[in-house]
Amino acid sequence: MNRNHRKEVDRRRTFGIISHPDAGKTTLTEKLLLFGGAIQMAGAVKARKAARHATSDWMAMEQERGISVTSSVMKFNYRDYEINLLDTPGHQDFSEDTYRVLTAVDSALMVIDSAKGVETQTQKLMEVCRMRNTPIMTFINKLDREGREPLDLLADIEETLQVECAPLSWPIGMGKRFRGTYNLYRKQLCLFTAGQETRPQDLVVIEDLDDPRVDELLGSQGDQLREDIALLEGAANPFEPAEYLKGNQTPVFFGSAINNFGVQEMLDAFVEQAPPPRPAATTTREVSPYEEDFSGFVFKIQANMDPAHRDRIAFFRVCSGTFHRGMKVRHHRIGKDVNIANATIFMAQDRTNVEEAYPGDIIGIHNHGTIKIGDTFTDKEPLKFTGIPNFAPEHFRRVRLKNPLKSKQLEKGLLQLAEEGAVQLFRPLFNTDYILGAVGVLQFDVIMARLKTEYGVDAIYEGVEYATARWVECDDRKLLDDFEKKNQVNLARDAEGKLAYLASSEWRLGHTMEQWPGIVFHKTREHN
Ligand code: G4P
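- Under an unreviewed UniProt entry, the name given to the chain is Peptide chain release factor 3, and the source organism is Syntrophotalea acetylenica.
- One UniProt comment on the chain, placed under Sequence similarities (unreviewed entry), says "Belongs to the TRAFAC class translation factor GTPase superfamily. Classic translation factor GTPase family. PrfC subfamily."

Written as structure tokens, this is what we have:
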């Protein structure tokens with residue numbers, strides 16, 4: 001195989017950040033981009049966050065579309081590595097896309113607020129990572145503030161997320177007494193000066209913690225550090241790269257993103273330890289990134305709200321081979337060859353005229369609604385990538401038309417938007433309602449706006465009593481018939497005709513699952 005191709009694969013790191021709002025994702029992203037020299041991009045990330053906070057109006061947000069598309073994939077170079085950071089929308093715009101982005105990464109970075117520990121959104125995102133055994137590195141943030149005890153935080157992560165922690169750095173104090181961290185990975189003492197970014201002279205290489213310089217630098221906190229490290233050696237798990245790569249163990253760093261403290265330590269360990277593009281599963285076989293034939297899949301679709309341009313951008317992850325601008329590939333679901341000339345190739349800042357993309361890279365393909373989530377493109381072998389599913393919705397609305405004469409348009413619009421992956425559509429078995437399901441409530445605003453601009457449909461939402469959904473399956477036809485008969489009120493078919501059980505609460509769902517042990521309830525559903 002081509003040596004250059006192997007080199008390009010091996011130096012790529014494609015990842016996303018999982019965190020709860022306000023843990024420091026934006027701040028950390030900005031610092032990471034600055035290390036990569038992506039100064040403009042760092043500014044854009046902050047601006048986008050400000051816009052998100054200012055309004056929950058999706059249309060207004062999307063008027064900043066330039067920012068929104070470019071910051072969906074942030075590419076930067078660090079040392080010899082080429083890094084693709086995929087945005088995981090997390091505030092009002094938390095949605096199924098946030099989950100789906102995680103199907104296109106090779107690893108994730110988890111940011112935790114040291115005062116809060118593991119929070120709900122992180123827990124949800126971690127579930128998605130677990131489905132794919134995604135390796136996760138952890139950054140415990142805001143050590144410059146009073147927070148929870150470090151050991152307590154590790155215990156929280158281990159218990160709540162069921163993943164072993166291996167600290168690679170250890171904090172020296174916190175809040176006003178925060179003096180820095182001891183980097184266990186490099187055996188370096190990193191000293192913190194409040195209100196300042198870390199400078200090279202703040203790093204002291206300490207081969208032996210008994211070195212008197214520790215006391216000179218840290219005073220009485222030196223002994224505390226020795227005690228902590230001795231305790232850790234007995235109690236904490238040593239870092240095992242193989243366990244990290246299997247998703248069983250998370251290496252942990254402590255720091256303060258806003259002070260840019262501990263970020264570079266983590267980034268160094270990240271590029272060295274995080275996996276390069278991983279093999280991807282298809283319905284027929286596993287595809288290695290080192291294969292020369294081109295292949296990849298679509299994991300996210302972004303619509304253009306401008307009614308004059310009904311185009312969409314499909315975010316496509318390259319899984320094998322090399323993408324060349326203008327190359328002809330086969331779009332397998334519709335069985336057509338397409339020429340991808342008009343693609344956005346997300347670029348690192350220091351390169352111009354990038355015409356190629358390698359495994360791990362993301363390209364944006366412009367289209368008019370022909371591409372759907374999960375679609376596979378290859379240049380030779382027909383393949384269908386798996387593991388880019390629909391996720392069980394957590395919010396539901398009933399759609400009511402303002403003008404009953406528009407029911408055809410409504411149906412067409414909802415079906416297309418559901419196929420595109422913007423929302424999930426359910427048709428109950430016992431009536432003709434249109435029930436929409438979403439992972440984040442902003443998805444509903446998006447749908448309403450798009451129904452109006454793209455399909456000329458005026459509709460309103462009504463609340464419904466559903467809170468969760470599962471796709472149901474059963475090989476025993478008779479048992480399934482029986483289940484359908486007894487649970488008709490809660491059953492619906494989704495846009496692809498798959499049977500789903502909609503429940504009014506998690507408790508109700510659990511109860512039904514207990515009553516029907518022969519029925520399989522799925523939290524995700526693969527696309528046809
Ligand atoms: P998010 O993307 O995860 O939602 O978090 P973001 O980076 O926006 O950070 C949330 C808040 O936490 C911000 O404050 C940010 O400045 C602050 N923050 C981030 N990292 C640290 C840290 O290491 N230490 C401390 N003390 N604070 C940190 P804000 O007041 O909401 O916004 P801003 O006005 O500072 O932008």
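On we go from here.
## Quick notes on the sheet that holds strand S21 (residues 362–367)
- Read from one edge of the open sheet, 7 strands run S18-S17-S22-S14-S15-S21-S19, paired in antiparallel fashion. This sheet does not close on itself; its edge strands, each paired only once, are strand S18 (336–340) and strand S19 (343–345). The sheet shows a mean angle of 35° between the axes of neighbouring strands, direction not considered.
- Sheet analysis places strand S14 (residues 295–303) next to strand S22 (residues 376–378), joined by 3 bridges and oriented antiparallel. From the neighbouring strand, Phe297 faces S22, where its bridge partner is Thr376.

## Some thoughts on the packing of aromatic side chains
- Tallied over the full model, the rule gives 22 aromatic pairs.
- Centroid distance Phe94 to Tyr99: 5.7 Å. Interplanar angle 90°. Geometry classified as edge-to-face.
- Look at Phe94 and you get buried, because its relative accessible area is 6%.
- Relative to Phe426, the ring of Phe396 lies with its centre 6.4 Å away and its plane at 45°, an arrangement referred to as tilted. With a gap of 30 residues between them, Phe396 in strand S24 (residues 395–401) and Phe426 in strand S25 (residues 424–428) connect regions that are remote in the sequence.
- Residue Phe426 is classed as buried on the basis of its relative accessible area, which comes to 0%.

## Details of the sheet that holds strand S31 (residues 520–522)
- Reading across from one edge, S27-S24-S26-S25-S29-S30-S28-S31 is the order of the 8 strands in this open sheet, with antiparallel pairing throughout. Both edges of this open sheet fall to strand S27 (459–463) and S31, since each of them pairs with a single strand only. Strand-to-strand, the axes of this sheet are offset by a mean angle of 40°, without reference to chain direction.
- Judged from the 3 bridges that link them, strand S29 (residues 491–494) and strand S30 (residues 499–503) form a sheet pairing that is antiparallel. Among the inter-strand pairings, Ala492 is bridged to a residue of S30, identified as Ala500.
- In the packing of helix H16 (residues 506–515) onto the sheet, the strands contacted are strand S28 (468–473), S30 and S31, and the crossing angle to S30 comes to about 130°.

## Quick look at the site of the ligand
- Lining the immediate environment of the ligand, one finds 17 residues, of which Asp22, Thr26, Thr27, Lys49 and Ser256 sit closest.
- Here Asp22 contributes a backbone N or O atom positioned 2.6 Å from an oxygen atom of the ligand.
- One nitrogen or oxygen atom from the main chain of Ile258 is found 3.3 Å from an oxygen atom belonging to the ligand.
- In isolation the ligand offers 690 Å² of accessible surface; the protein chains occlude 70% of this area.
- When residues in the shell around the ligand are grouped by element, the largest group, 3 residues, is from helix H2 (residues 25–35).
- Each residue belonging to the shell around the ligand can be placed in one class, and the counts come to 4 nonpolar, 7 polar and 6 charged.

## Topic: H2
- Burial runs high along H2: 8 of the 11 residues are buried.
- Where H2 is concerned, the buried positions are Lys25, Thr26, Leu28, Thr29, Glu30, Lys31, Leu32 and Leu33.

Quick notes on the rules
Residues numbered from 1 in each chain as written. Predicted model: local features only at pLDDT ≥ 70, side-chain atom pairs only at ≥ 80, totals over all residues. Heavy atoms only, no water. UniProt positions renumbered as here; feature names shortened; annotations may be inferred. Pairing = 2+ DSSP bridges. Helix = DSSP H or I, 4+ residues; strand = E, 2+ residues; numbered from the N terminus. Axes fitted to C-alpha atoms, helices over the stretch in contact; angles between N-to-C directions. Phe/Tyr/Trp six-rings, centres within 6.5 Å; stacked < 30°, edge-to-face > 60°. Buried < 20%, exposed > 50% of the residue type's maximum accessible area, 1.4 Å probe, protein only. Contact = heavy atoms within 4.5 Å. Near = heavy atom within 4 Å. Polar contact = N/O pair within 3.5 Å; in protein donor to acceptor, adjacent residues only side chain to side chain. Areas by Shrake-Rupley, 256 points an atom, 1.4 Å probe, with all protein chains shown as cover. Nonpolar A, V, L, I, M, F, W, Y, C, P; charged D, E, K, R; others polar.

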